[in-house]
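What follows is the residue order along each chain.
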Amino acid sequence: MLTKQIRSTYLEPNLALYARNSYVYREGTSLKLLGEPWTAEGANVYWLGLDENVIPPKGEPFYAPLNASYPTKGRTTEVMNTLVMMGATLMRVHTLGVSVGNPLSLSPSLGVYNDAAFEPMDWAVFQARQHGLRIMVPLTDNYDYYHGGKFTFLRWAGYNITGSQSPLPPETMYFYTSPKVVTYFKNYIHYLLTHVNPYTGLSYAEDPTIIGYETGNELDGGKFKDQNVPIAWIREICRFVKKLGPKKLCIDGTYGVNSTHFAVSEVDIFSNHYYPLNNSILTADIAAVRSANRVYLAGEIAWTGMKGDSLQSFYDIILKQQNSNSPVVAGSQIWSLFGHNVPYCSTYINHTDGYSLMYGNPNNSAKIDAQISTIRQHYFAMQNITVDSYLPAVACPQNYIPGYDAEYTYM
């Protein structure tokens, strides 16, 4: 007769597959999967749908004015392998939602859609699913970057405003208050969420791999971090997302925790970004969100340890909360993860903003690798798993493209 331990090995892959097809949901201040607490630790991998860091080989799609190109399948697969090796469960991916205003975007111009842009997006969602990872997706951006954002929709509506203007004109608020602009935005969201991924046969609204949509990235009004995002707009966007995908979570994309938004029952998760790490703000944010009976997530954190409180002390607060009787903090997402310039395995891609985490890069300093080790140990600790400081290698896939047979049954 098989032992209990051996019998469990037959069951574990089935459990992993069952989990992969189940939704993460909120219960009070906790996220859960299959009735058990689920933690949301991982990385921002903003470039999976559209990149700005690589000039591709001649003949590949490339928009030189914004340095925009599509990432290779190998880059996407490698970063998934890296996240699994780090003990991550979630990634935050801007360009699976924010893709407007340039020829390679999902929507290059108002009402026009470029379905070729779905290919890297579909592959990313498929590979996340195969690796047992989950995704959260911002729907727009507060800034005027290569992938577009709120200023793109404003310009489509006839308001000639750019993110570089200082001060921003009052018409910037029309993104939230103009019925015409809001309709443009909702039409885009509808096209995005109702798209059926040919790798999975599921629409983005249906796929449990995408746990939820964030109303935007670091949204504010006319001034940086003023949190002036109207309650009515937050409610309308969250309701629209949940109408399209009733099991999707909605994340408030305001930069910081705006307590007036606690009145919006459709918001499941509140978030803040930490540049630098600040334990006092983290503690205050947690307390505020606890009072609203919602979930808290540190959506971007500066992980390098150059300024602010230490990474370990920041993580200690999160882990203590997670181990409490009523956890509020689901986890945190480092900014931001990169790998090799696959299929070219001799070079790493560096975003050069000072926060690129290049796992396994032999040029990393001892201090940087120690920080990465701290991240990995914390991610596993959030799942009640203890690992040492060793950083296992992740192979560069070169030209290997996995198919449906390459399913990773991690739990």
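So, here is what we can say about the structure in this document. Computed from a predicted structure; not experimentally measured.

Scanning the protein chain for helices and strands turns up 10 helices and 19 strands. Against the 2.2 N^0.38 benchmark of 22 Å for 411 residues, the protein chain shows a C-alpha radius of gyration of 20 Å, consistent with a compact globule. Seen through its principal axes, the protein chain has C-alpha atoms that stretch 70 × 55 × 45 Å. Of the contacts formed within the protein chain by residues at least 6 apart in sequence, a portion of 72% connects residues at least 24 apart. When the accessible surface of the protein chain is split by element, carbon and sulfur atoms take 54% of a total near 16800 Å². Once the 29 positive and 33 negative side-chain charges of the protein chain are each reduced to a mean point, those two points are 5 Å apart.

Taken in spatial order, the three strands line up as S1-S2-S3 in an open sheet, and their pairing is antiparallel. Two strands lie at the open edges of the sheet, namely strand S1 (25-27) and strand S3 (36-37), each paired on one side alone. Bridge count between strand S2 (residues 30-33) and S3: two bridges; the pairing is antiparallel. Each residue of the ladder has a partner; that of Lys32, found in S3, is Pro37.

In an α-helix, one turn spans 3.6 residues; hence positions three or four apart end up facing the same way. Its 13 residues give helix H8 (residues 279-291) an end-to-end C-alpha distance of 19 Å, which sits within 8% of 18 Å, the value for a rise of 1.5 Å per residue. When H8 is considered as a whole, its buried residues turn out to be Asn279, Leu282, Asp285, Ile286 and Val289. Across the axial projection of H8, the buried residues extend over an arc of 120°, all falling on one side. Structural note: H8 exposes Ser280 and Ser291 on the side pointing more than 90 degrees away from its buried face.

As a further point, take helix H9 (residues 311-322). The terminal C-alpha atoms of H9 lie 17 Å apart, and with 12 residues this matches the ideal 16 Å at 1.5 Å per residue to within 8%. Buried residues along H9 sit in contact with S3, strand S13 (269-274), H8, strand S14 (295-301), strand S15 (329-335) and helix H10 (366-381).

Of all seven residues in S15, seven are buried; the element is thus mostly enclosed. As defined by bridge partners, strand S4 (residues 42-44) adjoins S15 across three bridges and the pair is classed as parallel. Counterpart to Asn44 in the pairing with S15 is Trp335. Where S14 meets S15, four bridges bridge the pair, whose relative direction is parallel. Following the sheet pairing, Ala298 is matched in S15 by Ser332. Crossover S14 to S15 through H9 is right-handed.

A few words now on the environment of Leu133. Within the secondary structure layout, Leu133 lies in the loop between helix H3 (118-130) and strand S8 (134-138). Linking Leu133 and His378, residues 245 residues apart in sequence, is a C-alpha distance of 17 Å. The contacts of Leu133, once residues within four sequence positions are left out, are Met80, Leu83, Val84, Ala88, Thr89, Met91, Ala128 and Thr209.

Moving on, we get to the packing of aromatic side chains. Summed over the entire model, instances satisfying the criterion amount to 25 aromatic pairs. A ring pair is formed by Phe153 and Tyr188, whose centres lie 5.9 Å apart and whose planes are at 70°; its orientation type is edge-to-face. Of this pair, Phe153 sits in helix H4 (residues 150-156) while Tyr188 sits in helix H6 (residues 179-193), placing them 35 residues apart in sequence. The rings of Phe153, Trp156, Phe175, Tyr176, Phe185, Tyr188 and Trp233 are connected pair by pair, giving a single aromatic cluster. A cation over an aromatic ring shows up here: Lys73 above the ring of Trp123, its NZ or CZ 4.7 Å from the ring centre. We note Lys225 situated over the ring of Tyr255; from NZ or CZ to the ring centre the distance is 4.7 Å.

Basis of the calculations
- Residues numbered from 1 in each chain as written.
- Predicted model: local features only at pLDDT ≥ 70, side-chain atom pairs only at ≥ 80, totals over all residues.
- Heavy atoms only, no water.
- Helix = DSSP H or I, 4+ residues; strand = E, 2+ residues; numbered from the N terminus.
- Rg over C-alpha atoms; globule rule 2.2 N^0.38 Å.
- Contact = heavy atoms within 4.5 Å.
- Areas by Shrake-Rupley, 256 points an atom, 1.4 Å probe, with all protein chains shown as cover.
- Lys, Arg positive; Asp, Glu negative; His and termini not counted.
- Charge placed at Lys NZ, Arg CZ, Asp CG, Glu CD.
- Pairing = 2+ DSSP bridges.
- Expected span 1.5 Å × (residues − 1).
- Buried < 20%, exposed > 50% of the residue type's maximum accessible area, 1.4 Å probe, protein only.
- Arc of directions from axis to C-beta.
- Right-handed = clockwise from strand over helix to strand, strands pointing away.
- Phe/Tyr/Trp six-rings, centres within 6.5 Å; stacked < 30°, edge-to-face > 60°.
- Lys NZ or Arg CZ within 6 Å of the ring centre and 35° of its normal.

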